Amino acid sequence: MAQTTCRTGVTLNYEISGEGDPLLLIMGTSGSILLWGEIIPRLAEEYQVIAFDNRGLGGSERGQGPITVASLAEDASALLESLEIPRAHVMGWSLGSAVIQELALAHPEQVASAIMYATWARCDGQQRAVLTALRHPYATRDMDAALAAAGMAFSPQLLDHPNFEQMLEPMLPAFPQNEDQMQVTTEQWDADLAHDTLDRLGGITAPTLVIVGEQDLLTPPRQSRAVAEAIPGARFELVTGPGSSHGLHIERPDDLVRIVTGFLNDNKLQRELPA
């Protein structure tokens with residue numbers, strides 16, 4: 001783990017693994033680097049993976065100013081600048097996928113390709129109800145209820161597994177650890193609810209992959225499909241069957257890595273550089 005102070009004025013905690021084309025990972029709501037689990041070492045077999053904690057979570061400072069999808073995109077842009085990485089592939093989960101949309105629109109020169117995993121462009125009524133319910137325990141500082149509600153991110157198969165609680169235990173440090181981090185997470189849920197790029201997605205020029213699981217309750221497949229349809233040339237991948245939840249990287253890591261590396265291998269950064 002290392003830290004860097006970015007031009008946005010916030011000190012971000014990050015780690016770099018592997019070698020190859022740079023691949024920036026942007027975490028979802030309430031999570032820190034640890035929540036990526038085994039995806040990082042798997043992707044690091046072929047890529048230089050840069051993972052970081054969004055402001056106010058994990059080892060990153062909160063800094064000043066509002067937390068919005070656009071402000072988090074500026075943090076991601078500033079981190080790449082601070083690390084002297086002019087251009088990278090970018091993969092984001094949930095909130096992180098929304099951040100990629102704003103990053104690709106505001107700083108297209110930094111985004112070699114975009115992988116939006118469990119994404120949406122504008123909340124519909126059902127999604128707004130789900131996200132509002134998930135926000136409430138953080139707003140009332142009820143961590144037990146927040147962790148119980150986090151089960152909505154997993155499949156019925158995993159939730160009914162007899163060892164589910166033991167399986168979840170190693171991930172607990174990846175969630176908010178104190179009241180300040182719960183407040184930051186509340187602000188992240190507000191950013192999720194306010195996110196709206198639907199009328200601007202046509203401006204994204206980076207090669208784009210959209211991935212979602214058919215059992216995803218937080219960012220339903222119809223929402224991810226709408227994003228893919230709005231971005232010129234975007235590829236859409238629906239993962240089906242048991243474990244195809246919002247947390248594909250936890251439940252179906254083999255399938256997710258296969259899809260992601262297949263897409264990245266088709267969009268090698270070196271091919272874009274002059275001979």
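Bear in mind the structure is a predicted one, so any value in this text is a computation, not a measurement.

What counts, and at which threshold
Residues numbered from 1 in each chain as written. Predicted model: local features only at pLDDT ≥ 70, side-chain atom pairs only at ≥ 80, totals over all residues. Heavy atoms only, no water. Pairing = 2+ DSSP bridges. Helix = DSSP H or I, 4+ residues; strand = E, 2+ residues; numbered from the N terminus. Axes fitted to C-alpha atoms, helices over the stretch in contact; angles between N-to-C directions. Contact = heavy atoms within 4.5 Å. Phe/Tyr/Trp six-rings, centres within 6.5 Å; stacked < 30°, edge-to-face > 60°. Buried < 20%, exposed > 50% of the residue type's maximum accessible area, 1.4 Å probe, protein only. Core = buried A, V, L, I, M, F, W, Y, C linked by side-chain atoms within 4.5 Å. Parallel < 35°, antiparallel > 145°, perpendicular 65-115°, else oblique. Left-handed = near helix turned anticlockwise from the far one by under 90°. Expected span 1.5 Å × (residues − 1).

Draft legend 1. Quick look at the sheet that holds strand 8 (residues 235-239). Spatially, 8 strands are ordered 1-2-4-3-5-6-7-8 in an open sheet, and the strand pairing comes out mixed. Here the strands that pair on one side only, and so sit at the sheet edges, are strand 1 (2-5) and strand 8. On average, each strand axis in the sheet is tilted by 25 degrees relative to the strand beside it, whichever way the strands run. Examined bridge by bridge, strand 3 (residues 22-26) and strand 4 (residues 48-52) share 4 bridges and lie parallel to one another. Looking at strand 4, one finds that Leu-25 is bridged to Ala-51. With respect to the sheet, helix 2 (residues 69-82) is in contact with strand 1, strand 2 (11-17), strand 3, strand 4 and strand 5 (88-93), its orientation differing from that of strand 3 by roughly 145 degrees. Together, strand 6 (111-117), strand 7 (208-213) and strand 8 form the strand contacts of helix 9 (residues 221-230), whose direction differs from that of strand 7 by roughly 170 degrees.

Draft legend 2. Looking closely at the packing of aromatic side chains. What the rule picks out here adds up to 4 aromatic pairs. With centroids separated by 6.0 Å and ring planes inclined at 20 degrees, the aromatic side chains of Trp-93 and Tyr-117 adopt a geometry described as stacked. Of this pair, Trp-93 sits in strand 5 while Tyr-117 sits in strand 6; the two residues are 24 residues apart in sequence, bridging distant segments of the chain. Summarising the burial analysis for this pair, Trp-93 and Tyr-117 share the class buried. Ring centres of Phe-154 and Phe-164 lie 5.9 Å apart, and the angle between their planes is 70 degrees; this geometry places the pair in the edge-to-face category. Placement of the pair is Phe-154 in the loop between helix 5 (143-149) and helix 6 (156-159) and Phe-164 in helix 7 (residues 164-168), with a sequence separation of 10 residues. Across the pair, Phe-164 and Phe-154 agree in class, each one buried. One aromatic cluster is present, formed by Trp-36, Trp-93 and Tyr-117 through successive ring pairs.

Draft legend 3. The arrangement of the nonpolar core in detail. By size, the foremost hydrophobic cluster in this structure holds 87 residues, and its most contacted members are Leu-24, Leu-25, Leu-79, Met-91 and Ile-211. If we skip the residues at most four places from it in the chain, Leu-24 touches Ile-50, Phe-52, Ala-76, Leu-79, Leu-80, His-89, Val-90 and Met-91.

Draft legend 4. Focus on the packing of helix 4 (residues 125-139) against helix 8 (residues 179-194). One way to put it is that helix 4 packs onto helix 8 with a least axis distance of 9 Å and a crossing angle of 165 degrees. Considering their axes alone, helix 4 and helix 8 lie roughly antiparallel with respect to each other. Classified by chirality, the crossing of helix 8 by helix 4 is left-handed. Of the residues in helix 8, those in contact with Arg-128, Leu-131, Thr-132, Leu-134, Arg-135, Pro-137, Tyr-138 and Ala-139 of helix 4 are Met-182, Thr-185, Thr-186, Trp-189, Asp-190, Asp-192 and Leu-193.

Draft legend 5. Quick peek at the environment of Leu-105. Relative to the helices and strands, Leu-105 resides in helix 3 (residues 95-106). The spatial distance from the C-alpha of Leu-105 to the C-alpha of Gly-203 is 6.5 Å, given a sequence separation of 98 residues.

Draft legend 6. How the structure looks around helix 11 (residues 253-266). Counted at 1.5 Å a residue, the expected span for helix 11 with its 14 residues is 20 Å, and the 20 Å between its end C-alpha atoms agrees. Considered for burial, the residues of helix 11 that qualify are Pro-253, Leu-256, Val-257, Ile-259, Val-260, Thr-261, Phe-263 and Leu-264.

Draft legend 7. Inspection of unusual backbone geometry at higher detail. Positive phi is not limited to glycine here, since Ala-118 has a value of about 65 degrees. By secondary structure assignment, the location of Ala-118 is in the loop between strand 6 and helix 4. Its identity as a non-glycine residue notwithstanding, Arg-141 has a phi of 60 degrees, on the positive side. Relative to the elements of secondary structure, Arg-141 occurs in the loop between helix 4 and helix 5.

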